[in-house]
Structure formats: structure tokens, C-alpha cells
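One-letter residues, chain by chain:
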Amino acid sequence: MCRIPGLGLFGLGDRLATIAAGQLQPAAGPADARTIAARIRFFGADAIDGESGAPRTDRVVLSWIGCTTYALAIGGAVFLLDAWVPRLTSTGYVPATPQDLVDLAPAAIFIGHGHFDHAGDAARIAQASGATVHGTAEHCANITAQLGDPSFATAPHGDADTPIGTREDFTVGAVEVTVIRHLHSARTPPDPVDGSPRFFPRPEPGVVLAHPPTLAGLVQGVSRLRDPEGGVLLYQFRVPGFALVWHDSTGPLTERAPHVFDILAALPATDLQIGAVQGYNQISNGLRDPRTYIQALTPALFVPSHHDNWLPGLTASAATYDAPLRTELARIPAAQRPDLRTMHDPTDYVRPQRLTFSL
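Residues numbered from 1 in each chain as written. Predicted model: local features only at pLDDT ≥ 70, side-chain atom pairs only at ≥ 80, totals over all residues. Heavy atoms only, no water.

1. Some remarks on the nonpolar core
Grouped together as the largest cluster of nonpolar side chains are 66 residues, with contacts concentrated most on Phe43, Leu62, Phe79, Phe110 and Phe237. When near neighbours in sequence (up to four residues on either side) are disregarded, Phe237 contacts Leu72, Ile74, Phe79, Leu81, Phe110, Val175, Glu176, Val177, Phe242, Ala243 and Leu244. Counting residues in hydrophobic clusters, the runner-up holds 13 residues, among them Leu183, Val245, Ala257 and Leu297. (Core = buried A, V, L, I, M, F, W, Y, C linked by side-chain atoms within 4.5 Å. Buried < 20%, exposed > 50% of the residue type's maximum accessible area, 1.4 Å probe, protein only. Contact = heavy atoms within 4.5 Å.)

2. Section: the environment of Arg198
Along the chain, Arg198 turns up in the loop between strand 8 (175–182) and helix 7 (207–210). What makes Arg198 exposed here is its relative accessible area of 59%. Separated by 60 residues in the primary sequence, Arg198 and Glu138 have C-alpha atoms spaced 33 Å apart. When residues no more than four places from it in sequence are discounted, the contact partners of Arg198 are Pro190, Gln282, Ile283, Ser284 and Gly286. A polar contact of 3.4 Å, which involves the side chain of Arg198, links it to the backbone oxygen of Ile283. (Helix = DSSP H or I, 4+ residues; strand = E, 2+ residues; numbered from the N terminus. Polar contact = N/O pair within 3.5 Å; in protein donor to acceptor, adjacent residues only side chain to side chain.)

3. A word on the sheet that holds strand 4 (residues 108–110)
Strand pairs in the sheet, formed through backbone hydrogen bonds, run parallel or antiparallel to each other. Strand order in the open sheet formed by seven strands is 6-5-4-3-2-1-14, with mixed pairing between adjacent strands. Two strands lie at the open edges of the sheet, namely strand 6 (154–156) and strand 14 (356–358), each paired on one side alone. On average, adjacent strands in this sheet sit at an angle of 20° to one another, irrespective of strand direction. Sheet topology note: the strand 1 (residues 59–64)/strand 14 ladder contains three bridges and is antiparallel. From the neighbouring strand, Arg59 faces strand 14, where its bridge partner is Ser358. Seen against the sheet, helix 2 (residues 33–43) touches strand 1, strand 2 (70–74) and strand 3 (77–81) and runs at an angle of roughly 100° to strand 2. (Pairing = 2+ DSSP bridges. Axes fitted to C-alpha atoms, helices over the stretch in contact; angles between N-to-C directions.)

4. Concerning helix 2
Of the positions making up helix 2, those classed as buried are Thr35, Ile36, Ala38, Arg39, Phe42 and Phe43. Looking straight down helix 2, one finds its buried side chains confined to an arc of 165°; they lie on one side. Where helix 2 begins, the side chain of Asp32 points an oxygen toward the backbone nitrogen of Arg34, at a separation of 2.8 Å. (Arc of directions from axis to C-beta.)

5. What to know about the environment of Gln236
Mapping Gln236 onto the fold places it in strand 9 (residues 232–239). Relative accessible area serves as the criterion here: at 0%, Gln236 is assigned to the buried category. Between the alpha carbons of Gln236 and Glu176 there is a distance of 8.1 Å; along the sequence they are 60 residues apart. Those residues in contact with Gln236, other than ones at most four positions away along the chain, are Glu176, Val177, Thr178, Ala243, Leu244, Val245, Leu267, Pro268, Ala269 and Thr270. Side chain to side chain, Gln236 and Thr270 meet in a polar contact 3.1 Å long.

6. Quick look at the packing of aromatic side chains
Pairs of aromatic rings are described using the distance from one ring centre to the other and the angle between the two planes. Counted according to the given criterion, the structure contains 13 aromatic pairs. Considering the side-chain rings of Phe110 and Phe237, the 4.9 Å spacing of their centres and the 80° angle between planes classify their relative orientation as edge-to-face. On the criterion of sequence distance, the pair formed by Phe110 in strand 4 and Phe237 in strand 9 is long-range, its members being 127 residues apart. Phe237 carries the same exposure label as Phe110, and that label is buried. Ring geometry for Phe199 and Tyr321: centres 5.0 Å apart, planes at 80°, overall edge-to-face. Within this pair, whereas Phe199 is found in the loop between strand 8 and helix 7, its partner Tyr321 is found in the loop between strand 12 (301–305) and helix 13 (322–329), the two being separated by 122 residues in sequence. Note on accessibility: Phe199 and Tyr321 belong to one class, buried. (Phe/Tyr/Trp six-rings, centres within 6.5 Å; stacked < 30°, edge-to-face > 60°.)

7. Examining the pairing of strand 3
With respect to burial, strand 3 is a largely interior element, five of its five residues being buried. Alternating positions in strand 3 separate into two faces, Ala77, Phe79 and Leu81 on one and Val78 and Leu80 on the other, with burial throughout. Two successive antiparallel strands, strand 2 and strand 3, enclose a turn made up of two residues, where Gly75 displays a positive phi of approximately 60°. With helix 3 (residues 98–103) bridging strand 3 and its parallel neighbour strand 4, the resulting β-α-β unit is right-handed. (Right-handed = clockwise from strand over helix to strand, strands pointing away.)

8. Looking at the sheet that holds strand 7 (residues 167–172)
As summarised here, the arrangement of the seven strands in space is 7-8-9-10-11-12-13, forming an open sheet in which the pairing is mixed. At either end of the open sheet lies a strand with only one pairing partner, and these are strand 7 and strand 13 (339–340). In this sheet, strand 9 lies alongside strand 8 in antiparallel orientation, the contact comprising seven bridges. Considered in strand 9, the bridge of Glu176 is made with Arg238. Relative to the sheet, helix 12 (residues 288–297) contacts strand 8, strand 9, strand 10 (242–247), strand 11 (272–276) and strand 12, its axis offset from that of strand 11 by approximately 160°.

9. Here we look at helix 13
Along an α-helix, residues three or four apart share an orientation, since each turn contains 3.6 residues. Every buried residue of helix 13 is listed here: Asp322, Leu325, Glu328 and Leu329. What you see down the axis of helix 13 is that its buried residues fit within an arc of 130°, all on one side. When the buried face of helix 13 is taken as reference, the exposed residues oriented beyond 90 degrees from it are Ala323 and Thr327. For helix 13, the secondary structure elements touched by its buried residues are helix 12, strand 12 and strand 13.

Next up, the structure:
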């Protein structure tokens, strides 16, 4: 959801950018003990070969790393969905670091949009791990610019002029990927026909006391606060027997791009949808927009995301979304209504058993 332009005007961002781009230790090979240990931690011992470090191909496993960042093991490969470890105002609330994500030796990083809370660590992780960065041309250019001398590959999918709703299909290893251009969350006037009650949880700033920010976390965060959106992408990942949709923002398609609903509905059947539920439109239309994405995709299982207390003072714990989200899902006819698996911070961070699927 988040872009906080005002914070980027403190005058620190540009001056601290070089400091913020601190070096991470390069990833080792998949069979290296460090890689194996990281993969077992993020995906579970049952999902990783203890000698080769390879993920099992009969498992799909995800670990939540805060906001909308996930580590994903699918089709024998390791991917990152977004690349940012929350630590701007609180450090250690999420039990992971950018170095931990490098140690996973991901093959690719998929960016949903370019704001700091989604792509703020992408360049450093890609540089140290060798992962290819997927996103719009603007995402790729802006992430590359985070480092003075980048050496990682990028794979652009459209650019600023790509029409909303454009679909592209490609493969990464054994995984089929579809990417669809959609919209960032945005406030629209109350919808008298299909809107929902306004919702915004009371902020919970107490996390800062238990997990105070560090200078390094502030430096790295402030340097990325003005990063632009660069377009918004929704991804579907497919292997035989399983399809996952992930999107890190949820836009007001009803008013601004209703044709995208048909494009989402035309995707292969979705087993799991991980979608952002926090957004600017919750102030006017509650959780209507997440519901409309769910209705178009008709997943078997829905997992909410971008609803945790990663910015204490402005955000609240994920549990505060449980009741309104269940009420919203109840508006979907029972035959099309997905199962709901709630994820709560901080207990469900880096907890692969919550999102492990056998094929």
C-alpha cells in the first residue's frame, strides 16, 4: 500500500543512499551448508534435500517475511515475491534479514510494484544472490539504480505505457508464469451499489518499544522512501497440480479498470491466492476491492497479506483484519467462496508449515 512522500523530504535520502546500499555476503551454491540451512529454516526440512539443497518438486512452500514479501519454493526452484524486510520503524519484529534472503540463493525476484515497502532491498539481494529481477521496465531501472555498479540481470515486463490489463506469459525454469498489469490501491468515492463499510484499524505503536529501530534500519529505509511505484503487476505461478496468484496491491478495478476482472477470470484455475487486503480504499469502501479480486479469481484458498504491523503508528496487527475480512467474504456466494487462512504477525512470520502444499 504504502508511499510516504513527506518522509522522503527530510533531506537524508540522497545523502545516505550510498551507506544504505551496504554489501551483503554473496550467496553460496545450493549444496553449501549455509544455503541448505537457510532453505530448511524458510521451507522446512521435509521440503529440502539435505545434501543438494534442492526443493522438492512435489511441494509448494511459502514463508511470509512481512508486508507482502514471501520466499517461495516451487517447481524445484526458490523465488522471492517482493524483496523487502520491514525494519524502518521497528527492527527485529520480523525474524529475518536481507542476508537471510540472500542465503536462500533465489533464482528470481518478482516485484509487484516499486514502493520502498516492496522493493527496498531488491538490488542488494539480487546483487549478492545473482537472482534475476522481474518487474516493469521502471521497476528494473529503479532497482538497478539503487546500486552504483550493479551486476544482476533484469527481465522487464511492460513499461509505464503498457495498458492496464495487459497479460504476458513466460517460464522460469519449470514454472509457468503469467503477469497481468493492474492497479495500485487508491481511494474512490463510496460505492452505493457494491461498497462495504469503511474500515481502518486503530494504530498499534507499541511494537516500537519492544523492537526499536536501529540506525542501519533507518538509514536503509529513508534512502528508499521516494522510490516510485513504476506500475503494478499481478503474477500467477503454475506447476502441474498447483496454481498460485500473488499480488502486492489491490486496486479499485470497479471504477477504473473493470475489464481486468474478465482477464483475471480467464486465468487457469487458482488453488491459492495471496493478496493485499490493506489499501487506501478501505477508508471509503472497506474491503470491497480485495473481495472483487477474489470473486474474479475464485481461488480455492485465500491468504490475506499486506495487513501486518510493519509501520507501527500507522498500521495495526493482522488480527484486526480477521472480522471484517470474514464479513466481506460472507458476501460471496458459498459455492464460489474460498477457504480463508489468516496470517498473524509476528507468530506467522517465517513459519513454512502454515503455507506448505503437497502436489
